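Close look at the chain arrangement
Each chain is listed here by its residues.
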Amino acid sequence: MDLYDVIHRRRDVRAEFTGEPVPDDVLDRILTAAHAAPSVGNSQPWDFVLVRDPQTRRRFYAHVQVERDTFAATLEGAAAERFARIKIDGVLESTLSVVVTYDPQRGGPAVLGRHAIADAGLYSVCLAIQNLWLAATAEGLGVGWVSFYREPFLADLLGIPPGIRPVAWLCVGPVSHLQTVPDLVRHGWRTPRPLAAAVHADRWRAGENHPMG
C-alpha cells in the first residue's frame, strides 16, 4: 500500500472492530515499526503494555464511561445531541489494547536535544504512536486512541511505576472496514480545516488564514 494512501486511509476506529485477534507476526511488525520511530537523543522513551485480559479491559471501559458522562455534562443543546451519537471507544470490541508510556528518565540524566524543550521526549512517544498507527493501517488493522481517562487511574490499573506517564490507550484489531469519512466529521462535530488555513509564510500573520469551526 502506498504511504500516502495509508496516511489518508487511517482512521480513529471505534465501532468497526470485528473482535478477531491480532496475529502474532502482524503485532510484531507494527510494534517494530513503532520502536523504529525517531526520538530525541535516541532515548527511545516509550514502552508498550499489551492488554488482552478481559477483566482489565472491562475495568478500564467502566472508567471511560464515567469520564464520558463527565464530559457530556459540560455540553448543551446541539453539541450535547451530537456528542450523544458519537461512540468514543472500542475497548470491549477489540481484543487487544496497547498502552504506550513515556519515561522521562530514559537516556538521562543529559538527553541530547532536550535541554531547551522539556516535552521533546513526549513528542518522541507520539511519533512512535503514529508509526504504530500507520503500520497497523497498512496491515489492514484498525486503531482507536481512547482519551477519556485519568492518568492516575490507568497507572494504578496497569501497575505503571511512579514517574512513568501513560500517554495513549490504543485499541487495536481487525476491522470490518475503515470509514471513508472520519467519525467526528460524519457526526457533524467538527469540519476539517483546509491546508491553506494552516500555512503561514515566514511569520505568523493574523488574518492570513481562515480556520473553519
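In the block above lies the structure referred to throughout.
First, a word on scope: everything that follows refers to the structure included in this document.

Thresholds applied
Residues numbered from 1 in each chain as written. Predicted model: local features only at pLDDT ≥ 70, side-chain atom pairs only at ≥ 80, totals over all residues. Heavy atoms only, no water. Core = buried A, V, L, I, M, F, W, Y, C linked by side-chain atoms within 4.5 Å. Buried < 20%, exposed > 50% of the residue type's maximum accessible area, 1.4 Å probe, protein only. Helix = DSSP H or I, 4+ residues; strand = E, 2+ residues; numbered from the N terminus. Contact = heavy atoms within 4.5 Å. Phe/Tyr/Trp six-rings, centres within 6.5 Å; stacked < 30°, edge-to-face > 60°.

**What about the nonpolar core?**
If you look at the biggest cluster of nonpolar residues, it comprises 26 residues, and the most contacted ones within it are I129, L170 and V172. Those elements that place two or more of their residues in this core are α2 (24–35), β2 (96–102), α5 (120–138), β3 (141–146) and β4 (165–174). Top contributing element to this core by residue count: α5, with eight residues. When sequence neighbours within four positions are dropped, the list of residues in contact with L170 reads L96, S97, V98, V100, I129, L132, V143, G144 and W145. One finds F17, L75, V146 and Y149 within the second-largest nonpolar core, a separate group that totals 19 residues.

**Re unusual backbone geometry**
The amide bond that connects G108 to the next residue, P109, takes the cis arrangement and shows omega of 5°. Secondary-structure assignment places P109 in the loop between β2 and α5. In this model, N42 sits at a positive phi of 50°, which is unusual for a non-glycine residue. Its location among the elements puts N42 in the loop between α2 and β1 (46–51). Even without being glycine, Q44 reaches a positive phi, approximately 45°.

**Some remarks on the packing of aromatic side chains**
Enumeration over the complete set of coordinates arrives at eight aromatic pairs. Taken together, a centroid distance of 5.9 Å and an interplanar angle of 80° make the contact between F71 and F148 edge-to-face. Pair noted here: F71 is in helix α3 (residues 54–72) and F148 is in the loop between β3 and α6 (151–158), with a separation of 77 residues, a long-range link. Overall, the relative accessible area of 31% leaves F71 in the partly exposed class. For F148, a relative accessible area of 18% corresponds to the buried category. Taken together, a centroid distance of 6.1 Å and an interplanar angle of 20° make the contact between F83 and F148 stacked.

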